[in-house]
Amino acid sequence: MNFLSALVRFENLHEVRRLCHWGPIIALSVIAICSTMAIIDSVIWYWPLDTTAGSINFLMLLNWTVLILYNYFNAMFVGPGYIPLGWKPENPKDTQFLQYCRICQGYKAPRSHHCRKCNRCVMKMDHHCPWINNCCGHLNHAYFTSFLLLAPLGCSHAAFIFVMTMYTQLYERISFGWSTVKIDMSAVRQFQPLMPFSVPAFAATLFALGLALGTTIAVGMLFFIQMKVILRNKTSIESWIEEKAKDRIQHYQTGEEFVFPYDLGSRWLNFKHVFTLSGTPRGNGLEWPVHSKCHQYTLTIEQLKQKADKRVRSVQYQAVEDYNGACCPLNKGFRTFFRTPCTEEPRIPLSKGETVLATRGTKWWMYGDKIVSEEEMRAGVRVRGWFPRRCVEKCHYDTAANESTSDKKDKMP
């Protein structure tokens, strides 16, 4: 297995520490609870192993567990792939098209970005995922997406087992010590259970059912989000760069056409670029196939334009709705709730009328700095984080005012 070969090398043993984080602890606990309860319920109460269907069901449950853990650990320990420290392009003239990373002491290759959590420049960085305590990028994108597919499928199977276990074992009565309620379920085929289905077993099965259903919904939505960007050969960061590029072109009326360089022209080609039979994606993470109208540094040149243009480096928005800073706000819409960013970065509360400078974002959330008072700015206060896109509106841009604000932010410690 790829993740085992990555662990046995002495220099990578420190990667095991990634398990000591709330994200992997919760994720592995959910997998363990759902898998264990599904196997116990099947063997003892629902589908015993002495039947053909029961044996097939048992093997399928084991298969889901192994595949889920295989892709999960590969996504965590294989990692996204990092740009070598001190990296430079082969042609020295190409450095004019690239950004320099002072922390990694090298240039950022096309599609790479520096992750503050990993403290390295990541190949084709999509996001830093707390559930694997690692970045999702070039090398582990397929493993991560496969995990997002397999986890809902396995949890759906487990949820079916939980429902049928409670249905078949409670067909005669539900007894809680003070009353007995008869339920007619004679149509259900009965098996002789290995042990009585007690109240603790019912409670454990019901708890596991809640975990399985919640995982199916939440992780299933993440899978569709990832597939959407994979079929466009685009990352969430690049989506924001593209949005700012179109905003820059519209503002200055340049008349140029922005073509996203890494879309290979068909969803199937984009899909094959990430998913391969060997599990290793195509390319070395430094150079990429591009659209016929573009070249290797089309997107990096656009990033340099946006960095030079303070108007698009951070877009000014004004809050039109109050937001209390909740991670998954229930009152901001169904999609905002379920598509909250999977990151440890904080959320910032907003009050109507406050101004924020957004530096990146998704379709439903944005990330940026809240403009604070002069006193707070002198004291070094910086309020930075995520907030729902529906809570803000783009306001009229004042070049002088924003440049002044940006300069003050740059001088802050």
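Refer to the structure above for everything that follows.
Bear in mind the structure is a predicted one, so any value in this text is a computation, not a measurement.

Participant: Would you explain the overall build of the protein chain in this entry?
Facilitator: Counting secondary structure elements, the protein chain contains twelve helices and 13 strands. For the protein chain, the residues scored as buried account for 47% of the 413 residues in total. Partitioning the contacts of the protein chain with sequence separation of at least 6, the portion at a separation of at least 24 is 70%. Counting every atom, the protein chain has about 21,300 Å² of accessible surface; 60% of that belongs to carbon and sulfur.

Participant: Explanation requested: the pairing of strand β10 (residues 355-361) in the structure shown.
Facilitator: Note on strand geometry: in a regular strand, side chains alternate between the two faces of the sheet. For β10, the tally of buried residues reaches five of seven residues, placing the bulk of the element in the interior. Here strand β9 (residues 315-319) pairs with β10 via four bridges, running antiparallel. In the strand pairing of β10, Gln316 is matched with Leu357.

Participant: Hey, could you run me through the pairing of β9 in this one?
Facilitator: Burial of β9 is extensive: four of the five residues sit out of reach of the surface. As paired elements, β9 and strand β13 (residues 392-394) share three bridges and run antiparallel to each other. In the strand pairing of β13, Gln318 is matched with Glu393.

Participant: Please explain the side chain of Thr205 as it appears in this structure.
Facilitator: Tracing the backbone through its elements, the reader meets Thr205 in helix α5 (residues 199-231). By relative accessible area, Thr205 is classed as buried at 0%. Among the polar contacts listed, one links the side chain of Thr205 to the side chain of Asp41, at a separation of 3.0 Å. Leaving out residues up to four positions away in the same chain, Thr205 has contacts with Met37, Asp41, Phe162, Met166 and Phe197.

Participant: Just checking my understanding: could you explain a nonpolar patch on the surface for this structure?
Facilitator: Among the surface-exposed residues, Trp22, Ile26 and Trp131 lie close enough to one another that they form a single nonpolar patch of about 280 Å² accessible area. You can see Ile26 is positioned in helix α2 (residues 22-46). Since its relative accessible area comes to 40%, Ile26 is described here as partly exposed.

Participant: Sorry if this is basic, but what is going on with helix α3 (residues 52-77) here?
Facilitator: An α-helical turn contains 3.6 residues, so any two residues separated by three or four positions project in the same direction. Its 26 residues place the ends of α3 37 Å apart at the C-alpha level, agreeing with the 38 Å of an ideal helix rising 1.5 Å per residue. Remark: Gly79 follows α3 within two positions and exhibits a positive phi of approximately 80 degrees.

Participant: Sorry, what's going on with the sheet that holds strand β12 (residues 383-388) here?
Facilitator: As a general point, the strands of a sheet are linked pairwise by backbone hydrogen bonds and lie either parallel or antiparallel. Across the sheet, five strands lie side by side as β12-β11-β10-β9-β13; this open sheet has antiparallel pairing. Strands at the two margins of the open sheet, each flanked by one partner only, are β12 and β13. Shown here is a sheet whose adjacent strand axes are inclined to one another by a mean of 45 degrees, direction ignored. As paired strands, strand β11 (residues 365-370) and β12 are joined by six bridges and run antiparallel to one another. In the sheet register, Asp369 faces β12, and the bridge partner there is Arg384. The strands that helix α6 (residues 236-252) touches are β9, β10, β11 and β13; relative to β10, the one it contacts most, it runs at about 120 degrees.

Participant: Explanation requested: the pattern of salt bridges in the structure shown.
Facilitator: Side chains that differ in sign of charge can pair as their charged atoms come close. Going through the model one piece at a time under the given rule, you end up with 15 salt bridges. Arg390 is the partner of Glu321 in a salt bridge, and the nearest nitrogen-oxygen pair spans 3.5 Å. A residue pair is termed long-range when its members are at least 10 positions apart, and Glu321 in the loop between β9 and α10 (334-338) and Arg390 in the loop between β12 and β13 qualify at 69 residues. Between Arg360 and Glu345 there is a salt bridge, with its nearest N and O atoms 2.6 Å apart. Of the two residues, Arg360 sits in strand β10 while Glu345 sits in the loop between α10 and β10, which places them 15 residues apart along the sequence. The class for Arg360 is partly exposed, based on a relative accessible area of 25%. Connected through salt bridges with shared partners, the residues Arg248, Glu256, Glu302 and Lys305 form a single ionic network.

Participant: Is there a simple way to explain the environment of His141 in this structure?
Facilitator: Within the element layout of this structure, His141 appears in helix α4 (residues 141-169). In this structure His141 comes out as buried when scored by relative accessible area, which is 1%. Each C-alpha atom of the pair His141 and Pro281 lies 8.4 Å from the other, and the pair is 140 residues apart in sequence. In this view, His141 contacts Lys124, Cys136, Gln226, Ile230 and Val274; residues no more than four positions away in its chain are not counted.

Participant: Mind showing me how you'd approach the packing of aromatic side chains here?
Facilitator: Any two aromatic rings considered together are summarised by their centre-to-centre distance and by the angle between their planes. This structure, assessed with the given rule, holds 15 aromatic pairs. Each ring, one from Tyr70 and one from Tyr143, has its centre 6.3 Å from the other, and the planes form 85 degrees; the classification is edge-to-face. Taken together, the positions of Tyr70 in helix α3 and Tyr143 in helix α4 put the pair 73 residues apart, joining distant regions of the chain. On the accessibility criterion, Tyr70 (26% relative accessible area) is partly exposed.

Cut-offs applied
- Residues numbered from 1 in each chain as written.
- Predicted model: local features only at pLDDT ≥ 70, side-chain atom pairs only at ≥ 80, totals over all residues.
- Heavy atoms only, no water.
- Helix = DSSP H or I, 4+ residues; strand = E, 2+ residues; numbered from the N terminus.
- Buried < 20%, exposed > 50% of the residue type's maximum accessible area, 1.4 Å probe, protein only.
- Contact = heavy atoms within 4.5 Å.
- Areas by Shrake-Rupley, 256 points an atom, 1.4 Å probe, with all protein chains shown as cover.
- Pairing = 2+ DSSP bridges.
- Polar contact = N/O pair within 3.5 Å; in protein donor to acceptor, adjacent residues only side chain to side chain.
- Patch = residues over 30% accessible without salt bridge, like charges linked within 9 Å, V, L, I, M, F, W, Y side chains within 5 Å.
- Salt bridge = Lys/Arg side-chain N within 4 Å of Asp/Glu carboxyl O.
- Expected span 1.5 Å × (residues − 1).
- Axes fitted to C-alpha atoms, helices over the stretch in contact; angles between N-to-C directions.
- Phe/Tyr/Trp six-rings, centres within 6.5 Å; stacked < 30°, edge-to-face > 60°.

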